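Notes for the structure review
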Amino acid sequence: MTTLRAFTCDDLFRFNNINLDPLTETYGIPFYLQYLAHWPEYFIVAEAPGGELMGYSAATLMLCMFTVMGKAEGSVAREEWHGHVTALSVAPEFRRLGLAAKLMELLEEISEKKGGFFVDLFVRVSNQVAVNMYKQLGYSVYRTVLEYYSASSGEPDEDAYDMRKALSRDTEKKSVIPLPHPVRPEDIE
């Protein structure tokens, strides 16, 4: 049975099999520690039965097979207080089992309890598998952010969708009314 639990500092040294996926944004250790310090309730990991490493080395033990990392941010006065999905990653061998949906559900529940108006996330426009999954979970494209993701090896930067799902506090669903034009990263609050 898979166990969901809070992410710990020790997990930073154990989650490379899921964090080094080409579609997962990778951050430095200080970034992850900041999230653990400020928003620990939004940093969730799942343990595989027996704690074995999946897809790395048979001799090494590992607890993580997927993680979700988020935070609460925005202004209550402007009805922008919300949960933000910073990272959601599932190890390739555990995809299409509903694990990402379960983690998103947990993050949405936490955001509801904190009085958020919506949950948002950024996803590469080219990652249609993820875009479709988020749409199935009730998210819609709020806006396109031009050149949000930095490219490597001379490729052009990639656009992102800012996808949102209204929570119960947003009774009029104002937070998910799509913007009519794309924005640049520096225009995002």
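Just so we're clear, the structure is a prediction, and the values are computed from it rather than from any experiment. (Residues numbered from 1 in each chain as written. Predicted model: local features only at pLDDT ≥ 70, side-chain atom pairs only at ≥ 80, totals over all residues. Heavy atoms only, no water.)

With that settled, consider helix α2 (residues 29-38). Working note: α-helix, 3.6 residues per turn, so residues spaced by three or four point in the same direction. Burial in α2 covers these residues: Tyr32, Tyr35 and Leu36. One side of α2 carries all its buried residues, which in axial view fall inside an arc of 100 degrees. Facing away from the buried surface of α2 by more than 90 degrees, the exposed residues are Pro30, Ala37 and His38. (Buried < 20%, exposed > 50% of the residue type's maximum accessible area, 1.4 Å probe, protein only. Helix = DSSP H or I, 4+ residues; strand = E, 2+ residues; numbered from the N terminus. Arc of directions from axis to C-beta.)

What follows concerns the environment of Ala48. By secondary structure assignment, the location of Ala48 is in the loop between β2 (43-47) and β3 (64-73). Sequence separation of Ala48 and Leu4 is 44 residues, and the distance between their C-alpha atoms is 9.4 Å.

Attention now moves to the packing of aromatic side chains. For the structure on display, the rule yields three aromatic pairs. Note on Phe122 and Tyr148: the rings are 4.7 Å apart at their centroids and 15 degrees apart in plane angle, and the pair reads as stacked. Taken as a pair, Phe122 in strand β5 (residues 118-124) and Tyr148 in strand β6 (residues 140-149) lie far apart in primary sequence, 26 residues in all. The buried category is assigned to Phe122, whose relative accessible area is 15%. On the accessibility criterion, Tyr148 (31% relative accessible area) is partly exposed. (Phe/Tyr/Trp six-rings, centres within 6.5 Å; stacked < 30°, edge-to-face > 60°.)

This structure, assessed with the given rule, holds eight salt bridges. Notably, a salt bridge pairs Lys102 with Glu105, separated by 3.5 Å at the nearest N-O pair. With Lys102 and Glu105 both in helix α3 (residues 99-113) and three residues apart, the pair spans about one turn of that helix. The partly exposed category is assigned to Glu105, whose relative accessible area is 35%. The partner of Glu186 in a salt bridge is Arg184, with the nearest N and O atoms 3.5 Å apart. When its relative accessible area of 60% is taken as the criterion, Glu186 is described as exposed. Through salt bridges that share partners, Arg143, Asp162 and Arg164 make up one connected network. (Salt bridge = Lys/Arg side-chain N within 4 Å of Asp/Glu carboxyl O.)

All right, on to the environment of Tyr32 then. Summarising the element assignment, Tyr32 is placed in helix α2. Classification of Tyr32 by relative accessible area gives buried; the value is 3%. Through-space distance from the C-alpha of Tyr32 to that of Thr8 is 10.0 Å; in sequence the pair is 24 residues apart.

The subject of this paragraph is a nonpolar patch on the surface. A cluster of nonpolar side chains, Phe13, Ile29 and Leu33, forms an exposed patch at the surface whose accessible area comes to about 300 Å². Counting through the fold element by element, Phe13 comes out in the loop between β1 (3-6) and α1 (16-19). Residue classification places Phe13 among the exposed positions, given a relative accessible area of 64%. (Patch = residues over 30% accessible without salt bridge, like charges linked within 9 Å, V, L, I, M, F, W, Y side chains within 5 Å. Areas by Shrake-Rupley, 256 points an atom, 1.4 Å probe, with all protein chains shown as cover.)

Once that is clear, we can look at the side chain of Arg124. Examined against the element boundaries, Arg124 turns out to sit in strand β5. Within polar-contact distance, the side chain of Arg124 engages the side chain of Glu158 at 3.1 Å. (Polar contact = N/O pair within 3.5 Å; in protein donor to acceptor, adjacent residues only side chain to side chain.)

For the protein chain, per-residue confidence averages 78 on the pLDDT scale, and residues scoring 70 or more make up 78% of the total. Within the model, pLDDT remains below 50 along residues 52-66, and this stretch shows 49 contacts once partners closer than five positions in the same chain are excluded. (pLDDT = per-residue confidence, 0-100. Contact = heavy atoms within 4.5 Å.)

We now examine the environment of Leu33. As for its position among the elements, Leu33 is in helix α2. Its relative accessible area of 35% is what places Leu33 among the partly exposed residues. A sequence separation of 25 residues divides Leu33 from Thr8, and the C-alpha atoms of the two residues are 9.2 Å apart. Not counting chain neighbours up to four residues away, the residues in contact with Leu33 comprise Cys9 and Leu12.

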